[in-house]
Amino acid sequence: MTPSMKKPPFLLASLFPSTCLLCGAPGAAGLDLCAGCAGELPWNRHCCVRCALPLDGPGDAGTLCGPCQRRAPSYERCIAPLRYATPLVTLVGAAKFRGRLNAARLLGQLLAESVRHAGEPLPEVLVPVPLHRARLAERGYNQALEIARVLGQVLALPVAHGCCERILATLPQAGLDEGSRRRNIRGAFSARSPLGWRHLAILDDVVTTGSTVEELARVLYRAGAERIAVWAVARTP
Ligand SMILES: [Zn+2]
Ligand SMILES: [Zn+2]
């Protein structure tokens, strides 16, 4: 093969060839991720069918985790293809705190692929978890919105980021236990009512205990939503 034949067919692809964000090797399948690093990602294959909580063993298809058996979440189902472990912590941190929009794009592409694989009926609209104005001003962007934009492009879905807002500047959820997280987030969101959509997916980067998405879902149901899914890149064990 002559060197010219190896060139990607599109001008943009040759100007900005994909590069693995984890090891710097050429990317595969048009992603900023090489095949080797993709194979080593902590895929969340064995997880609760309802909330995507990682489960220890392979389990049966349709296994519910203990918390969901006791009290199911109000949303229909959470899709979270990866476990929040190395190197996801690095990738999410890059997308969230260091303004690395190529990391947000990669995370969005991985999530979009998993949603497509799951074969769920697609919602009418994507709703990224909103940031409080003060946090947004400090960070300059909302990583959930950036990830949602990628999904919107790949899956041809509109992104609604003006339909709800975060009205309370809550403490960061990280470092709080489950009960404190629920109390911390209560009343944090408000939504336009009537919402105008019945079936939507809430978008977030990482779901930990689920109290943030649960609280946002509560507000969106009250504003007229009938079916809510949660799509997140990663779920904590
Ligand atoms: Zn790599
Ligand atoms: Zn569960």
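Cut-offs and rules
Residues numbered from 1 in each chain as written. Chains lettered and ligands numbered in written order. Predicted model: local features only at pLDDT ≥ 70, side-chain atom pairs only at ≥ 80, totals over all residues. Heavy atoms only, no water. Helix = DSSP H or I, 4+ residues; strand = E, 2+ residues; numbered from the N terminus. Rg over C-alpha atoms; globule rule 2.2 N^0.38 Å. Contact = heavy atoms within 4.5 Å. Donors = N, O, S within 2.8 Å, 3.2 Å for Na, K, Ca; no water. Tetrahedral: all angles 85-135°; square planar, octahedral: opposite > 155°, others 65-115°. Buried < 20%, exposed > 50% of the residue type's maximum accessible area, 1.4 Å probe, protein only. Polar contact = N/O pair within 3.5 Å; in protein donor to acceptor, adjacent residues only side chain to side chain.

A few points about the overall build of the protein chain
Here comes step 1: Scanning the protein chain for helices and strands turns up 9 helices and 7 strands.
Here comes step 2: At 18 Å, the protein chain has a C-alpha radius of gyration in line with the 18 Å of a compact globule built from 237 residues.
Here comes step 3: Considering only C-alpha atoms, the protein chain reaches an extent of 60 × 40 × 35 Å along its principal axes.
Here comes step 4: For the protein chain, the proportion of contacts with a sequence separation of at least 24, taken over those separated by at least 6, is 70%.

Some points on the coordination of the zinc ion (ligand 2)
Here comes step 1: Coordination of the zinc ion (ligand 2) by the protein comes from C48 (SG), C51 (SG), C65 (SG) and C68 (SG), over a distance range of 2.3 Å.
Here comes step 2: Taken together, the 4 donor atoms surrounding the zinc ion (ligand 2) define angles of 105 to 114° at the centre, an arrangement classified as tetrahedral.
Here comes step 3: Sequence positions of the residues that donate to the zinc ion (ligand 2) give the spacing C-x2-C-x13-C-x2-C. With C51 in the loop between α2 (35-40) and α3 (66-70) and C65 in the loop between α2 and α3, this residue pair connects regions lying 14 residues apart in the sequence.
Here comes step 4: Given the relative accessible area of 4%, C51 is considered buried.

Observations regarding the coordination of the zinc ion (ligand 1)
Here comes step 1: Taken together, C20 (SG), C23 (SG), C34 (SG) and C37 (SG) make up the protein donors of the zinc ion (ligand 1), found 2.3 to 2.4 Å from the metal.
Here comes step 2: Every donor counted, the 4 donor atoms about the zinc ion (ligand 1) form angles of 101 to 117° at the centre, which fits tetrahedral coordination.
Here comes step 3: Coordination of the zinc ion (ligand 1) draws on donor residues from a single chain, spaced C-x2-C-x10-C-x2-C in sequence. Within this pair, whereas C20 is found in the loop between α1 (11-15) and α2, its partner C37 is found in helix α2, the two being separated by 17 residues in sequence.
Here comes step 4: For C20, a relative accessible area of 3% translates into the label buried.
Here comes step 5: Given the relative accessible area of 16%, C37 is considered buried.

Remarks on the side chain of N44
Here comes step 1: Looking at the element boundaries, N44 is found in the loop between α2 and α3.
Here comes step 2: A polar contact of 3.1 Å, which involves the side chain of N44, links it to the backbone oxygen of A80.
Here comes step 3: Leaving out residues up to four positions away in the same chain, N44 has contacts with A52, P54, A80, P81, L82, R83 and R235.

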